[in-house]
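Residue-level structure breakdown
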Amino acid sequence: PRQRVPPLRRPVDHPMWVNKRFTEVAAELQGKAAGSALFHPASSKPIAEQLRCIGLSIKLAQLSTGVLLQHVEVLEPADKPPKQPRLVTPLRIKVEGRKQDYESYEDLDEIVARFVEPQVEKATEVFNHRKCVDGDQAMVNQAVRAQQGQMGPDAAAAAYCVALDSHRPGTGFIAFSGSAASNVYREYFTITPYGFFFRGRVLPSVEHVITAFKKNPNYRKQREIEKQQQRQAAAGYQGQPVLPGGQPHPYSQQPMPYGAAPPA
């Protein structure tokens, strides 16, 4: 059997640093309040790589399905001397939606102030939103269907809710359906310290995400059509997008109004 590589004990002097494995850190955060975080060795990596980065684990929320823990890789400088166990700054974290791929931090305290705290605030904003559903996929779908029942069959708008993704910590989604006859779909957004990365841009609040969704609820389908058109163009096909069976794609005819169901 494969032997586990022991975590490298690093001499980091910070109150939020622990020389523990990833699994031990996760277990420790289970009983702590939402917003708690710990820095630790990158124990899942080979020893040589453990000298070039550390791990950051954040308890974003306590969901009905369990604890929502986000694990972040914190990189040290690329030119750090080999075999140097001490933490070398500046430190870098990849953040979605920024002009540069990585945000730079002078020390661990700056990471707490500029990354951990606002990240938790944004996750809490989703969790406390009036349209948020705390539950598994079945409960989210039931909430959308229940909303459709309250709206009635002739409602012009789609039923929707928002939720935190328990399988992808640091991610949320809008679950929606245009009619009782259609499926419940999901469109995802990434939680960042600067806002919510949705449809290629960072929006400042959950309400802004919902507003952007309502302005174009068919964005996901339109993107699928665009990709299909690109594939068909590359293959030399000319004409409207078609389904695998050869029928015209229902979304290729004209933009659908908010909440409308696809043509039969």
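Let me begin by describing the structure that accompanies this report. Every chain begins its residue count from 1, and numbering advances along the sequence as written. The predicted nature of this model means local features are confined to residues of pLDDT at least 70 and side-chain atom pairs, given and counted, to a pLDDT of 80 or more, with totals for whole chains, interfaces and linings taken over all residues. Remark: hydrogens and water are excluded; side-chain values derive from all non-hydrogen atoms of the structure.

Turning our attention to the overall build of the chain. Within the chain, the secondary structure is distributed over six helices and 10 strands. Think of it in three bands: with a 1.4 Å probe and only protein chains considered, a residue is buried below 20% of the maximum accessible area for its type, exposed above 50%, and partly exposed in between. Per-residue burial for the chain yields a buried fraction of 42% across its 264 residues. Residue contacts follow a heavy-atom distance rule, with two residues in contact if any of their heavy atoms lie within 4.5 Å. Across the chain, the fraction of contacts at a sequence separation of at least 24, relative to all contacts at a separation of at least 6, is 45%. Method for areas: the Shrake-Rupley scheme with a 1.4 Å probe, in which residue coverage is limited to the protein chains shown. With an accessible surface of roughly 14600 Å², the chain has 50% of that area assigned to carbon and sulfur atoms. Going along the chain from the N terminus, every DSSP run of H or I of four or more residues is numbered as a helix, and every run of E of two or more is numbered as a strand.

Over the atoms, a rolling probe the size of a water molecule traces out where space has been left empty. Both cavities and pockets are sets of points on a 1 Å grid over the protein atoms alone; in a cavity a 1.4 Å probe fits but cannot get out, in a pocket the set is open with protein on both sides within 12 Å along at least five of seven lines, and lining residues sit with an atom within 4 Å of a point. Grid points are joined across faces, edges and corners, and a volume is the space filled by probe spheres set on the points. For the structure shown, the criterion picks out one cavity of 30 Å³ or more. Here the largest cavity defines a volume of roughly 40 Å³. Here the lining of the largest cavity is composed, by residue class, of five nonpolar, three polar and one charged. Residue polarity is assigned by list, with Asp, Glu, Lys and Arg as charged and Ala, Val, Leu, Ile, Met, Phe, Trp, Tyr, Cys and Pro as nonpolar; anything else, Gly included, falls into the polar class.

Looking at the element boundaries, Thr192 is found in strand β8 (residues 185–192). Judged by relative accessible area, which is 2%, Thr192 ranks as buried. With sequence-adjacent residues up to four places away left out, Thr192 is seen in contact with Val95, Glu96, Gln119, Lys122 and Phe197.

What follows deals with the packing of aromatic side chains. The pairing test for Phe, Tyr and Trp rings, Trp by its six-membered ring, is centres within 6.5 Å, and the orientation test on the planes gives stacked under 30 degrees, edge-to-face over 60, and tilted for anything in between. With the rule as written, the count across this model stands at five aromatic pairs. Relative to Phe213, the ring of Tyr160 has its centre 6.1 Å away and its plane inclined at 55°; by these criteria the two rings are tilted. Taken together, the residues Tyr160 in strand β6 (residues 159–164) and Phe213 in helix α5 (residues 206–215) connect sequence positions 53 residues apart. Judged on exposure class, the residue Tyr160 and its partner Phe213 are both buried. Aromatic pair Phe176 and Phe213: ring centres 4.9 Å apart, planes at 55°, arrangement tilted. With Phe176 in strand β7 (residues 171–177) and Phe213 in helix α5, this residue pair connects regions lying 37 residues apart in the sequence. Residue Phe176 is classed as buried on the basis of its relative accessible area of 8%. Three or more aromatic residues joined by ring pairs make a cluster, and in this case those are Tyr160, Phe176, Tyr185 and Phe213. Directly above the aromatic system of Tyr188 lies the positively charged group of Arg168, at a separation of 4.2 Å from the ring centroid. For a lysine, the NZ atom is tested; for an arginine, the CZ atom; a charge sits over a ring if that atom is within 6 Å of the ring centre and within 35 degrees of the ring normal. Positioned above the aromatic ring of Phe173, the side-chain terminus of Arg186 is 4.0 Å from the ring centre.

Each pair of strands is called paired provided DSSP finds at least two bridges between the two strands. With antiparallel pairing, five strands are arranged side by side in an open sheet as β6-β7-β8-β9-β10. Of all the strands in the sheet, the pair left with one neighbour each is β6 and β10 (201–203). Direction aside, the axes of adjacent strands within the sheet are offset by 30° on average. One ladder, built from three bridges, connects β8 with strand β9 (residues 195–198); its direction is antiparallel. Bridge assignment links Ile191 to a residue of β9, and that residue is Phe196. Orientation is described by lines fitted to C-alpha atoms, with helices fitted over the stretch in contact, and by angles between N-to-C directions that extend from 0 to 180 degrees.

In this structure, the hairpin formed by β8 and β9 is closed by a connection of two residues. Across three bridges, the pairing between β9 and β10 is antiparallel. Across the sheet, residue Phe198 finds its bridge partner in β10, namely Arg201. Hairpin connection between β9 and β10: a loop of two residues separates the two successive antiparallel strands, and Arg199 in this loop has a positive phi of roughly 55°.

To continue, consider the nonpolar core. Throughout this description, the term nonpolar core refers to a set of buried Ala, Val, Leu, Ile, Met, Phe, Trp, Tyr and Cys residues connected via side-chain atoms within 4.5 Å. Grouped together as the largest cluster of nonpolar side chains are 41 residues, with contacts concentrated most on Leu56, Ile111, Phe115 and Ile174. For this core, the leading source of residues is helix α3 (residues 108–127), giving eight residues. Ignoring any residue separated from it by four or fewer positions in sequence, one finds Leu56 in contact with Ala37, Leu38, Phe39, His40, Gln70, His71, Val72, Val74, Ile111, Phe115 and Val116. Val133, Val140, Ala159 and Ala175 belong to the second-largest nonpolar core, a separate cluster that totals eight residues.

For helix α6 (residues 219–234), built from 16 residues, the straight-helix expectation of 22 Å at 1.5 Å per residue is met to within 8% by its first-to-last C-alpha distance of 23 Å. Listing the buried residues of α6 in full gives Lys221, Ile225, Gln228 and Gln232. Buried residues along α6 cover an arc of 65° about the axis, so they all sit on one side. Relative to its buried face, α6 has exposed residues pointing more than 90 degrees away, namely Gln230, Arg231 and Ala234. In the core, the buried residues of α6 are packed alongside β8. Gly236 occupies a position one or two residues after α6 and carries a positive phi of about 90°. What a helix is expected to span follows from its residue count: subtract one and scale by 1.5 Å. When we speak of the arc, we mean the arc of directions from the helix axis to the C-beta atoms.

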